Every structure is written in structure tokens, then in C-alpha cells.
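Listed below, chain by chain, are the residues.
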Amino acid sequence: MKGVVFTEFLEMVEQKFSADMVDDIIDAADLPSGGAYTAVGTYSHEEIVALVVALSKRTGAQIPDLLGTFGRYLFGRFAVTYPDLVDRSLGAFGFLAGIEDVIHAEVRKLYPDAQLPTFEVERHDEKELVLIYKSIRHFEDLAEGLIHGCLMHFGERVSVVRQTQGDGIDRAERFILTREG
Ligand code: HEM
């Protein structure tokens, strides 16, 4: 997992909780990196899981909720740090349909060692967008948060329903986005 994800996560924890909470969860998570992240470095994705688990224990918040909150926050940050990628003229559906071939393709150019999920577009029309998320890291909750962050950023009213399909290594998550009103 790229360091930028860690630095943004710790920034969010500091903003929403406190700087002490950042120190506490880094201590508790017993991280191979020691918690000293640089944006361009690469670290095990298990470190972010350990940090979220530690935050959940200290705050009582559920892990999926914390990952969802982080996803919303992260999208807001991506919109600021990669303004050229977040092209408003596409609308949320146009943008989200291009995660695989446009957005993450650009991310891969910037960071050739990025470990990215796959997003397949199963259906895309005016009213509905259906995306299939697959990743051996299983950050479905983070993906949902990023999708909500994107919808908020574009200011569009869309409902999001999730369905798990398959199991074992074939497990994937279908995100059904339906325009409201
Ligand atoms: C401008 C927008 C975006 C940028 C710049 C961006 C960039 C990135 C970067 C740098 C990573 C980390 C890769 C690594 O750890 O090696 C990542 C991972 C990820 N991205 Fe994006 N992303 C964007 C939008 C989105 C959106 C809208 C979604 C959801 C639909 C999404 C879903 C994910 C997920 C779930 C991961 C975690 C890795 C995994 O699941 O295997 N991203 N992205």
C-alpha cells in the first residue's frame, strides 16, 4: 500500500480525534515500519488494517464504519491533491466508470508499484452504474467510502447497494448505484 494512503489516514485520525490518538494507535499496532511513512514509500497493507483495528478498539467505532469514513475523507483529499484527475464535467458516473482505465491507470504511471484493485463496469447508463470490485486485499468498505466521497464531491443524489458474489479467491463485491429522483 502506498505511503500516501497511510499519511492521509493518520492525518484524518489527528483531525477527527487527536494527535495523541495517532501516537496511541501507532504504538498499539506494533508496525514493522514503526509508523514513519513517506508518501512515496510502500508498506504492507496489513499495517493499515492494524491501525484501523487499534483505532476501533480505542474509539468503540466499528471497523467497516471507520474504513467508510476514511474512504470519504480520502476522496476529498484526492480531489484536492489530484485536481486534474477529478474532472467534474464527467459527472460521478462518468468518473467512476473510468476508475480502472483512467484514474488508477494514471496512478500506476505515477507509482508503478501500486497495488490496485480491479473495477469492472457491468452496466452504465443514465440511471444506473454497476461496478464489480475485486482485490485480494478486500478493501470493500474503503471502496464504498470512496464511492460516497465521490458522489458527495460531485453533489449527486445516488443510492449505493452492495452485493457479495462468489467466495474464496473469486469473491467480489458488486456496487449498484442508482440515481435518485
Ligand atoms: C482521483 C481519484 C483516485 C486516486 C488518485 C486514487 C489513488 C489510489 C492510490 C494511490 C491507491 C493506493 C495504491 C497502493 O496502495 O499501492 C488506491 C487504492 C485504492 N483505490 Fe483508488 N484512487 C482514486 C479513486 C478511487 C475511487 C473513486 C475508488 C472507489 C470506487 C477507489 C478505490 C480504491 C481502493 C478500494 C483501493 C485500495 C486497494 C485495494 O482495494 O486493493 N479509488 N487508489
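Preceding this section is the structure that the text describes.
Quick caveat: nothing in here was measured; it's all calculated off a predicted structure.

### So, the packing of helix 3 (residues 45-59) against helix 4 (residues 63-81)
- The contact between helix 3 and helix 4 brings their axes to 9 Å, and the two run at 115 degrees. The pairing of helix 3 with helix 4 is recorded here as roughly perpendicular in orientation. You can see that helix 3 and helix 4 cross each other, and the crossing is right-handed. Between helix 3, through Val52, Val53, Leu55, Ser56 and Thr59, and helix 4, the contact on the second element is made entirely by Ile63, Leu66 and Leu67.
- Its residues assigned to classes, the contact of helix 3 with helix 4 shows six nonpolar, two polar and no charged.

### Focus: the coordination of the iron atom of the ligand
- Exactly one protein atom donates to the iron atom of the ligand; that atom is His104 (NE2), 2.2 Å from the metal.
- By secondary structure assignment, the location of histidine 104 is in helix 6 (residues 99-110).

### What to know about the side chain of glutamate 140
- The residue glutamate 140 is located in helix 7 (residues 140-154) in this model.
- At a separation of 2.7 Å, a polar atom in the side chain of glutamate 140 contacts the side chain of histidine 138.
- Aside from chain neighbours lying at most four places away, what touches glutamate 140 is Tyr133, Arg162, Arg171, Glu173 and Phe175.

### Here's the deal with the environment of leucine 10
- If you trace the backbone, leucine 10 turns up in helix 1 (residues 3-16).
- Note on leucine 10: relative accessible area 12%, which makes it buried.
- Through-space distance from the C-alpha of leucine 10 to that of valine 40 is 15 Å; in sequence the pair is 30 residues apart.
- If we ignore the near neighbours within four places in the chain, the residues touching leucine 10 are Val22, Ile25, Ile26, Gly35, Tyr37 and Leu51.

### Considerations on the sheet that holds strand 3 (residues 158-165)
- Across the sheet, which stays open at both edges, the four strands sit in the order 1-2-4-3 with antiparallel pairing between neighbours. Sheet topology places strand 1 (118-124) and strand 3 at the edges, where each strand pairs with a single neighbour. Each strand axis lies, on average, 20 degrees off the axis of its neighbour in the sheet, ignoring direction.
- Pairing of strand 2 (residues 128-134) with strand 4 (residues 172-179) involves six bridges; the strand directions are antiparallel. Bridge pairing links valine 130 to isoleucine 176 in strand 4.

### Remarks on the site of the ligand
- In the vicinity of the ligand lie 24 residues, with Lys2, His104, Gln115, Tyr133 and Ser135 positioned nearest.
- Backbone polar atom of lysine 2 to an oxygen atom of the ligand: 2.7 Å apart, as the coordinates give it.
- The element best represented in the shell around the ligand is helix 6, accounting for four residues.

Rules behind the numbers
- Residues numbered from 1 in each chain as written.
- Predicted model: local features only at pLDDT ≥ 70, side-chain atom pairs only at ≥ 80, totals over all residues.
- Heavy atoms only, no water.
- Axes fitted to C-alpha atoms, helices over the stretch in contact; angles between N-to-C directions.
- Helix = DSSP H or I, 4+ residues; strand = E, 2+ residues; numbered from the N terminus.
- Parallel < 35°, antiparallel > 145°, perpendicular 65-115°, else oblique.
- Left-handed = near helix turned anticlockwise from the far one by under 90°.
- Contact = heavy atoms within 4.5 Å.
- Nonpolar A, V, L, I, M, F, W, Y, C, P; charged D, E, K, R; others polar.
- Donors = N, O, S within 2.8 Å, 3.2 Å for Na, K, Ca; no water.
- Polar contact = N/O pair within 3.5 Å; in protein donor to acceptor, adjacent residues only side chain to side chain.
- Buried < 20%, exposed > 50% of the residue type's maximum accessible area, 1.4 Å probe, protein only.
- Pairing = 2+ DSSP bridges.
- Near = heavy atom within 4 Å.

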